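A closer look at the structure
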Amino acid sequence: MNPKLFTLPHALRPQSASLQPRRSQSAPRPSAPAPAKPSAAPSARPYPRVFALALSVILAAAFCLPACTPATGGKDAPARSGEARFEQAVPLPSGIVHVDDIAYLSDATLAMAASTTRSLNTTVYVQASEGYWEALFDTQALLDSLEPDTSIMASCLTPQGSLLCSTASADGSDGGCYLVDPGSYSEVSLPAGRIGKLRSFDDETVLASDWTGSFYRANHATGAKVCEYRLPSGAVLGDFTVHDSRVYASVSTGNDGTPTSEFYVFDYDSGEQVSLTAQEKSLFASIFPSADSADGASPVWSSDEGGLFACSQGALYECTGSEAAIIASGDATNLANTGKYAERLIVGAGPDDIAVLYNSRGGLTEPYTLYRYPLGEPPETSSSITVYALEDNAAIQQAAATYRDEHPEVAIEVRVGISANSGVSTDDALRVLNADILAGTGPDVIVLDGLSIEDFASEGVLLDLSDVLHDTLTSGGEYFEAVLAAFATEEACYAIPTKFSVPAILASTEAVERAQTLEGLTAYAESMRESNGGFSAYASVAALYAASYENILDENQTLDQEALATFFSCVKTLLLLNDNAFENAPEGYDYLGTVLSSIDGNGWAINGSGILDFGSGPTDEWLEIASLLSISSFGAASLGIEHAPFECVLEPLSFSQNRVFAPISVLGVYATTTEPEQAKDFVAYLLSDQQQGQRTLDAGLPVSKTAFTKTSLESGGYGMAVMGDGGTEESSFSRGGFSEEEVAKQCALIESATQCSMPDKTTSDIIAAELLAYCKDEATLDQAVSSAMQKINLYRAE
């Protein structure tokens, strides 16, 4: 049996794993993140102490067809016009970590079933007034009556406001279903099983799906299955809804390595599959992303008696007849925020009762946000700023969204130079940016990741941010000052990082000693493979590149051909040592193309998965090269150190004299901006305690040492598990939270990295392309290196 890695929901990277902090001895119940290529997790709640499956190379898409949901919109719900709408934030109760259901009830009240950080208990809230939620009842009494290891698996609100929920013990046995009301609960006879989704559309029956792929409608009073809606084998159910006696569902499949989404329409009463009309197909074609779209967000749907609504491709659609009108776009809204994905679209009886529940892609402490989209134009703003990023940056998108919520008087727009699937090259994007700057129409705030800060500063493009840096350092908190002031001189500070990573190695003490040079590390890995068949090397090319960059391009930006050749040769060797990357890759999946498509990012995080695959014998050894990207990186490393069958250590990785860090989300302000104070305030906002304290997964370490320490100490623990082919848990690893002494050592390790490594994107793209050609044997080493040298020198001469 080949063990497979199961973790908390998180998009898999090639040969990587991740884990998420746990708040107690029982795992929390986070919802699945937005699908991200090449894989994503299904939207399902894990059992206590059992981690949810991350399905390899499947987009758990929620592509639903038109539906008019009984009860949720109300029988007398008016038809909407096609008029434009604006976005309005709706505060949620504090501490929400998982939302099971949110819907308008039959009396037009907006209700939500959710759990908080304080317990695994599910609470039903109703919106009592604008911005205020009242907790009506919860499931604590029910849980107290069951076995201690029992968990609420899935739940949904009925049109009358009751909570219908399924339960299961940690091993998946002893499941049950219950109807919970204020002050009471009663067992109902729904088919027991690992129910992942529940949705109530009428008074008597419920639509449910379980982890086996079964999708059915049942009478929750009698437990009788009314009908089953048959999906193809291997399909993952996304969103679904009901309209005109039909069930519209969508599924995602990805067995050939290319995720695809398909529509299925069933008769509501019989379960028989029906076909779409040509008119329906034409309508959906205008709404749904194309098969090759890089947008991992799944469209979500809702409806009322007057119309059908869809949230897809960064817009809200109203569908009438054969037309789909955009009623709210991504301009200055969260609809196009790549840091979030739409989880539910909610439609009520009133003309302004359209809302979208968003979930964060980055694993925030409180990941959910809710926005209404009432009719009309947005309130007038007193100022506006534009934030530019060469490539999409989820952290910046997220910060812009929350800044907009807190400063409704400021219109803030995030502009991306190279949008997904645009085909725009780095050179073309930079030419457009430079043209705007020369014309005096440059963006107010510039995300400088991948750009030449020195060139921008010397040409007078950037504003001095010394006052922002000074105010931050004197605000009372502690900072990783080498990172925060990485671009500051005695004269000025033109750029400030808000996050960063540290390339690292998790391996035996001997491997770490040999990793003083890239050649030494590679030779050691080769020798270990020859003497030990259980040895493997997991290597993030981005981490290797950051650790090597100072050798490849020195402080005078002089290209070293010999160092580049060494980098190419060693990276290829290390990648090919990882046999599992190729053996376990789905058919049609280009592993090398994926890991080498971009090398100037942060790669994947230290994850400790070697303990799961190779920790079976006392002679086995493995090494992992990746980045310290979050607090969870340290949690994963600690599990590796504790459970490896050899003396294992974690150290920063650098092949030059100094240990290095890689700045992330580096911000500068356009020198001639018309809103200098507002632009600087946005930079300061990303350095604030609120933003720095957001616990995210693999989005970068905070530059605030205070925020890092606080969130590390607040994390309840970490865990990973190995699952067998039959879905049974083979082994698991867990630990509690970090002590103050452990966190202090982590801070010391971070602070030992003092050299900034920030590659130029154009140079990095050239190196990545030539390295890929060499790794695929499409070019010899000399050909690849010579071509890279020629292209880089030509680029630098321009």
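What counts, and where the lines are drawn
Residues numbered from 1 in each chain as written. Predicted model: local features only at pLDDT ≥ 70, side-chain atom pairs only at ≥ 80, totals over all residues. Heavy atoms only, no water. Helix = DSSP H or I, 4+ residues; strand = E, 2+ residues; numbered from the N terminus. Buried < 20%, exposed > 50% of the residue type's maximum accessible area, 1.4 Å probe, protein only. Contact = heavy atoms within 4.5 Å. Areas by Shrake-Rupley, 256 points an atom, 1.4 Å probe, with all protein chains shown as cover. Salt bridge = Lys/Arg side-chain N within 4 Å of Asp/Glu carboxyl O. Phe/Tyr/Trp six-rings, centres within 6.5 Å; stacked < 30°, edge-to-face > 60°. Lys NZ or Arg CZ within 6 Å of the ring centre and 35° of its normal. Polar contact = N/O pair within 3.5 Å; in protein donor to acceptor, adjacent residues only side chain to side chain. Pairing = 2+ DSSP bridges. Axes fitted to C-alpha atoms, helices over the stretch in contact; angles between N-to-C directions. Core = buried A, V, L, I, M, F, W, Y, C linked by side-chain atoms within 4.5 Å. Expected span 1.5 Å × (residues − 1). Parallel < 35°, antiparallel > 145°, perpendicular 65-115°, else oblique. Left-handed = near helix turned anticlockwise from the far one by under 90°. Nonpolar A, V, L, I, M, F, W, Y, C, P; charged D, E, K, R; others polar.

So, the overall build of the protein chain
For the protein chain, the count of helices and strands is 21 helices and 37 strands. Expressed as a percentage of the 798 residues in the protein chain, the buried residues total 59%. When contacts within the protein chain are restricted to residue pairs at least 6 apart in sequence, those whose partners lie at least 24 apart make up 65%. Element-wise, carbon and sulfur atoms account for 47% of the exposed surface of the protein chain, whose accessible area totals about 30500 Å².

Brief notes about the environment of Thr 402
By secondary structure assignment, the location of Thr 402 is in helix H3 (residues 394-406). For the pair Thr 402 and Gln 691, spaced 289 residues apart in sequence, the C-alpha separation works out to 9.3 Å. Filtering out sequence-adjacent residues up to four positions away, Thr 402 remains in contact with Tyr 685 and Gln 691.

What to know about the pattern of salt bridges
Here the structure, examined in full by the defined rule, presents 17 salt bridges. One salt bridge connects Glu 391 with Lys 761, and the closest N-O pair in it is separated by 3.3 Å. With Glu 391 in strand E26 (residues 383-391) and Lys 761 in helix H20 (residues 761-775), the pair connects residues that are 370 residues apart, well separated along the chain. By relative accessible area, which is 38% here, Glu 391 ends up partly exposed. Across the pair Glu 741 and Lys 745 runs a salt bridge whose closest N-O atoms are separated by 3.8 Å. With Glu 741 and Lys 745 both in helix H19 (residues 740-751), this residue pair falls four residues apart, about one helical turn. Assigned by exposure class, Glu 741 and Lys 745 land together as exposed. One salt-bridge network, in which partners are shared between bridges, spans Glu 391, Lys 761 and Asp 765.

Let's talk about the packing of aromatic side chains
With the rule as written, the count across this model stands at 18 aromatic pairs. For the pair Phe 634 and Phe 708, a centre-to-centre distance of 5.7 Å together with 75 degrees between the ring planes defines the contact as edge-to-face. In this pair, Phe 634 sits in helix H15 (residues 631-643) while Phe 708 sits in helix H18 (residues 705-714), placing the two residues 74 residues apart along the sequence. There is no split in this pair, since Phe 634 and Phe 708 are both buried. Every member of this aromatic cluster is reached through a ring pair, and the members are Phe 201, Phe 215, Tyr 229, Phe 240, Tyr 264 and Phe 266. Directly above the aromatic system of Tyr 268 lies the positively charged group of Arg 217, at a separation of 3.8 Å from the ring centroid. The ring of Tyr 774 has Lys 572 lying over it, and the distance from NZ or CZ to the ring centre is 4.3 Å.

Regarding the side chain of Arg 217
Along the polypeptide, Arg 217 turns up in strand E13 (residues 215-219). Engagement of the side chain of Arg 217 in a polar contact is seen with the side chain of Thr 205, the distance being 3.1 Å. For Arg 217, the contacting residues outside a window of four places in its chain are Asp 202, Thr 205, Val 206, Leu 207, Lys 225, Val 226, Cys 227, Tyr 229, Tyr 268 and Asp 269.

Examining the sheet that holds strand E7 (residues 151-157)
Within the open sheet, the four strands sit side by side as E7-E8-E9-E10. Their pairing is antiparallel. Each of the sheet's edge strands pairs with one partner strand only, and the pair in question is E7 and strand E10 (184-188). Adjacent strand axes in the sheet meet at a mean angle of 30 degrees when their direction is disregarded.

Examining the nonpolar core
Judged by nonpolar contacts, the single largest core of 114 residues is most densely connected at Leu 544, Phe 567 and Phe 568. Each residue touching Leu 544, except ones within four places of it in the same chain, is listed here: Leu 518, Ala 539, Phe 567, Val 571, Leu 574, Ile 625, Leu 653 and Phe 655. Counting residues in hydrophobic clusters, the runner-up holds 19 residues, among them Ile 418, Leu 433, Phe 456 and Val 666.

Let's talk about the pairing of strand E24 (residues 354-360)
Taken across its seven residues, E24 has seven buried, putting it largely inside the fold. Of the two faces of E24, the one carrying Ile 354, Val 356, Tyr 358 and Ser 360 and the one carrying Ala 355, Leu 357 and Asn 359 are both buried. As paired elements, strand E23 (residues 340-347) and E24 share seven bridges and run antiparallel to each other. Following the sheet pairing, Tyr 341 is matched in E24 by Asn 359. A loop of six residues connects E23 with E24, the two strands running antiparallel in sequence.

Remarks on the pairing of E13
Along E13, five of the five residues are buried, which leaves the element largely enclosed by surrounding structure. Pairing between strand E12 (residues 205-210) and E13: five bridges, direction antiparallel. Within the sheet, the bridge partner assigned to Ser 209 lies in E13 and is Phe 215. Taken together, E12 and the strand that follows it, E13, pair antiparallel across an intervening segment of four residues, in which Gly 213 is found at a positive phi of about 100 degrees. Here E13 pairs with strand E14 (residues 225-228) via three bridges, running antiparallel. Opposite Arg 217, over in E14, you have Cys 227 as the bridge partner.

Re helix H21 (residues 781-797)
The terminal C-alpha atoms of H21, which comprises 17 residues, lie 24 Å apart, in line with the 24 Å expected from a rise of 1.5 Å per residue. All buried positions along H21 are accounted for by Ala 784, Val 785, Ser 787, Ala 788, Met 789, Ile 792 and Tyr 795. For H21, the elements touching its buried residues are helix H11 (561-577) and H20.

Looking at the packing of H3 against helix H16 (residues 676-686)
Direction vectors running N to C along H3 and H16 enclose 115 degrees, while the axes themselves pass 11 Å from each other. With respect to H16, the element H3 is oriented roughly perpendicular. Regarding H3 and H16, the two cross each other, and that crossing is right-handed. Taking contact as the criterion, the partners of Ile 396, Ala 399, Ala 400, Thr 402, Tyr 403 and Glu 406 in H3 are, on H16, Gln 678, Asp 681, Phe 682, Tyr 685 and Leu 686. Partitioned by chemical class, the residues of the contact of H3 with H16 number seven nonpolar, two polar and two charged.

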